[in-house]
Amino acid sequence: MSRTTSNNSWQRYLVGGAVRDHLLGEPVKDRDWVITGATPETLLALGYRQVGADFPVFLHPETGEEHALARTERKSGQGYQGFICDFSPAITLEQDLQRRDLTINAMAQTEDGELIDPTGGREDLERRVLRHVSPAFREDPLRVIRVARFAALLAPRGFSIAPETQALMRDMVDSGEMDSLTPERVWQDMAKALATDQPSVFFYTLREVGALKILLPELDALFGVPQTMLYHPEVDTGIHAMLALDQAASLTRRLDVRYAVLCHDFGKGVTPAHVLPGHRGHEKRGLPLIDAASQRLKVSKALHRLACLTCEWHTHCHRLPDQKPATVLNMLEPFRPWQDDTQLRGFALACRADARGRSGFEQTDYPQADWALELAATAGAVQTQPLLDAGYRGPELGAAIRRERLQAIARTLKAIKARSS
Ligand SMILES: Nc1ncnc2c1ncn2[C@@H]1O[C@H](COP(=O)(O)OP(=O)(O)OP(=O)(O)O)[C@@H](O)[C@H]1O
């Protein structure tokens, strides 16, 4: 079968994730193409639009799909910086495929469906193996994170990392390569990993190769830290964090909730010895650690905020309805305006994931989530107008509203207790 797909002088091939996902029987999200035998001028003359300065990537004039000129890469410096790329029309498809990370990502397909697989990607797909393409793998430290991400993505299908790839990843970490990664690149892949069905595999993989203590030391510090057996039969705080994260993944696709669950127990990594294994005060101790991690990874303000609120208030939510009305109001205040309960629902989901992320509690009922919403609705129903009509103004008005809300919360807590006894 001919490999010529576009015209006599240049050819285009479907590459990477689209070929992999098609062979896996998965829906194909984006289609990326590689073009051989062309110059930027050829493509611009055909109406393609160039994007990106570093690598010549072009958007197809009709489909908008990304087309990249075939390229080779040679590394000339430390970390991700210092790549010298060659885009000459003489670069072959096979040369382009050789610079890719994993064999399962280094396959191409002609437009008439012929598979081009010089590195054995199809066989590795069948064997469920994530294997690096060549020793050049070590030139880009991001590949350590990418492999961990693919390990998480494909774990439900039984994929695992080839021992030689894992050894190479460990070697890259030991040589200090991870330090040169920019936060944007780390977070981009971490967010994609958090979106998988089993995100714990990503973090366990990073831990196994020594990268977790560099990328997310706040999480790494939880492993080996004991907690109370009565509430946590799994005992190890790091294992609990991973169980809770996978529970979050089974409850919701919301990235903010998954990130909040990932961070909710960071404070347990710095519990003073005399408080172990109870971790009293971990809720407050976790906040500066979440600040540090979120700033380092440059996560959005919205994600950071829900993570902090979950860290600070999750144990109070667990203890509902046995809480003082003032504590409940303090917990609910940051989630105002209560008319929009998106944030509060996110918090409630995170708390549910935390409660279920314990050995033997995976199916546990968590009525506290509904109670938190019910309590916010009652507090939010307090009307200001009658208080204004009664003559309250200024600080007195604020105090009167608070009093009414506390009374409403007290009544609701009583009703919840009566219902659930
Ligand atoms: N850092 C890298 N090192 C080597 N090859 C890479 C790297 N990043 C991307 N690639 C190659 O480019 C292709 C497209 O990358 P991309 O990040 O879009 O992932 P993908 O395989 O399409 O998966 P996804 O479905 O998650 O987007 C990959 O399949 C791989 O062949």
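Residues numbered from 1 in each chain as written. Predicted model: local features only at pLDDT ≥ 70, side-chain atom pairs only at ≥ 80, totals over all residues. Heavy atoms only, no water.

Under the annotation held in an unreviewed UniProt entry, the protein carries the name Multifunctional CCA protein and is attributed to Natronospirillum operosum. UniProt, in the comment section headed Subunit (unreviewed entry), describes the protein in these words: "Monomer. Can also form homodimers and oligomers." (UniProt positions renumbered as here; feature names shortened; annotations may be inferred.)

J.: Quick question: what am I supposed to make of the overall build of the protein here?
T.: Each helix and strand counted, the protein has 19 helices and 11 strands in total. Considered along the principal axes of its C-alpha atoms, the protein spans approximately 85 × 50 × 40 Å. Relative to its 421 residues, the protein shows a buried fraction of 50%. Residue pairs at least 24 apart in sequence account for 65% of intrachain contacts in the protein once pairs closer than 6 positions are excluded. (Helix = DSSP H or I, 4+ residues; strand = E, 2+ residues; numbered from the N terminus. Buried < 20%, exposed > 50% of the residue type's maximum accessible area, 1.4 Å probe, protein only. Contact = heavy atoms within 4.5 Å.)

J.: Is there a simple way to think about the packing of aromatic side chains in this case?
T.: Two aromatic rings, taken as a pair, are described by how far apart their centres are and by the angle between their planes. Considering all chains together, one arrives at 4 aromatic pairs under this definition. Summarising the aromatic geometry, the rings of W187 and Y259 are spaced 5.5 Å apart at their centres and angled 80° between planes, so their arrangement reads as edge-to-face. Residue W187 is located in helix α7 (residues 183–194), and its partner Y259 is located in helix α12 (residues 255–263); the two are separated by 72 residues in the primary sequence. The residues W187 and Y259 share a single accessibility class, namely buried. (Phe/Tyr/Trp six-rings, centres within 6.5 Å; stacked < 30°, edge-to-face > 60°.)

J.: Sorry, what's going on with the UniProt feature "domain: HD" (unreviewed entry) in the protein here?
T.: Sequence positions flagged by UniProt for "domain: HD" (unreviewed entry) are, in local numbering, residues 237–338. Secondary structure across residues 237–338 comprises 65% helix and 0% strand; the distance between its end C-alpha atoms is 33 Å.

J.: Got a minute to help me understand the layout of surface pockets in this structure?
T.: Left-over empty space is what a probe sized like a water molecule reveals as it rolls over the atoms. Taken as a whole, the largest pocket encloses approximately 1800 Å³ of empty space. Per element, the largest residue contribution to the lining of the largest pocket is 7 residues, and it comes from helix α5 (residues 142–154). In terms of residue class, the lining of the largest pocket is built from 18 nonpolar, 7 polar and 25 charged. Of the pockets and cavities examined, the second largest pocket occupies roughly 620 Å³. For the second largest pocket, the lining is made up of 27 residues, of which Y231, H232, T315, H318 and R358 are closest to its centre. (1 Å grid on protein atoms, 1.4 Å probe; cavity = no way out; pocket = protein on both sides within 12 Å on 5 of 7 lines; lining within 4 Å. Points joined across faces, edges and corners; volume = space filled by probe spheres on them. Nonpolar A, V, L, I, M, F, W, Y, C, P; charged D, E, K, R; others polar.)

J.: What exactly am I supposed to notice about the sheet that holds strand β5 (residues 66–69) here?
T.: Within a sheet, each strand pairs with its neighbour through backbone hydrogen bonds, oriented either parallel or antiparallel. In spatial order, the strands read β3-β4-β5-β2-β1-β8-β9; together these 7 strands make up an open sheet with mixed pairing. Each edge of the open sheet carries a strand with a single partner, namely β3 (49–51) and β9 (115–116). Two strands pair when backbone bridges link them, and strand β8 (residues 108–109) and β9 are joined in this way by 2 bridges, in the antiparallel orientation. Considered in β9, the bridge of A108 is made with I116. Against the sheet, helix α1 (residues 17–24) makes contact with β1 (11–15), β8 and β9, and its axis sits at roughly 55° relative to β1, the strand it touches most. (Pairing = 2+ DSSP bridges. Axes fitted to C-alpha atoms, helices over the stretch in contact; angles between N-to-C directions.)

J.: Can you help me understand the nonpolar core in this one?
T.: For soluble globular proteins, the rule of thumb is that nonpolar side chains tend to be buried together. Counting 96 residues, the largest nonpolar core has F203, L219 and Y259 as the members making the most contacts within it. When residues of this core are assigned to their parent elements, the largest contribution, 9 residues, is made by α5. Residues V15, V34, I91 and L97 belong to the second largest nonpolar core, which totals 9 residues. (Core = buried A, V, L, I, M, F, W, Y, C linked by side-chain atoms within 4.5 Å.)

J.: Which parts of the structure should I look at to understand α7?
T.: Side chains that are three or four residues apart share a direction in an α-helix, a result of its 3.6 residues per turn. Taking 1.5 Å as the rise per residue, α7 with 12 residues should run 16 Å; its terminal C-alpha atoms sit 16 Å apart, in good agreement. Residues R185, V186, W187, D189, M190, A191, A193 and L194 constitute the buried set of α7. (Expected span 1.5 Å × (residues − 1).)

J.: Where do I start with the UniProt feature "binding site: Mg(2+)" (unreviewed entry) in the protein in this structure?
T.: The UniProt entry lists D30 and D32 under the feature "binding site: Mg(2+)" (unreviewed entry), expressed in the numbering used here. From this annotated list, the subset lining the largest pocket comprises D30 and D32. Inspection of the secondary structure puts D30 in the loop between α1 and β2 (32–36). Taking relative accessible area as the criterion, D30 reaches 56% and is therefore assigned exposed. Apart from residues lying up to four places away in sequence, D32 is in contact with Y13, L14, V15 and E66.

J.: I would appreciate a short explanation of the site of the ligand in the present structure.
T.: Surrounding the ligand, one finds 15 residues, the nearest of these being R20, N105, R143, R146 and R149. The side chain of K29 places a nitrogen or oxygen atom 3.1 Å from an oxygen atom of the ligand. Here a nitrogen atom of the ligand sits 3.0 Å away from a polar atom, N or O, in the side chain of D140. Protein chains bury 80% of the 590 Å² of accessible surface belonging to the ligand in isolation. According to the grid-proximity analysis, the pocket containing the ligand is the largest pocket. Elements supplying a minimum of two residues to the shell around the ligand: α1 and α5. Ranked by the residues each element gives to the shell around the ligand, the list is headed by α5, at 4 residues. Across the shell around the ligand, the residue classes tally to 1 nonpolar, 3 polar and 11 charged. (Near = heavy atom within 4 Å. Polar contact = N/O pair within 3.5 Å; in protein donor to acceptor, adjacent residues only side chain to side chain. Areas by Shrake-Rupley, 256 points an atom, 1.4 Å probe, with all protein chains shown as cover. Sits in = over half its atoms within 2 Å of the grid points.)

J.: Help me out: how do you make sense of the environment of N330 in this one?
T.: Here N330 shows up in helix α15 (residues 325–332). What makes N330 partly exposed here is its relative accessible area of 38%. With 60 residues separating them in the primary sequence, N330 and A390 have C-alpha atoms 26 Å apart. Not counting the four nearest positions on each side in its chain, N330 is found in contact with W313 and R402.

J.: Can you walk me through the packing of helix α14 (residues 301–318) against α15 in this structure?
T.: To characterise two packed helices, one gives the angle between the axes of the helices and the distance between these axes. For the pair α14 and α15, interaxial distance at closest approach is 10 Å and the crossing angle is 140°. By the angle class used here, α14 and α15 are oblique. When the axes of α14 and α15 are compared, the crossing they make is left-handed. On α15, the residues touching W313, H316 and C317 of α14 are T327, N330 and M331. (Parallel < 35°, antiparallel > 145°, perpendicular 65-115°, else oblique. Left-handed = near helix turned anticlockwise from the far one by under 90°.)

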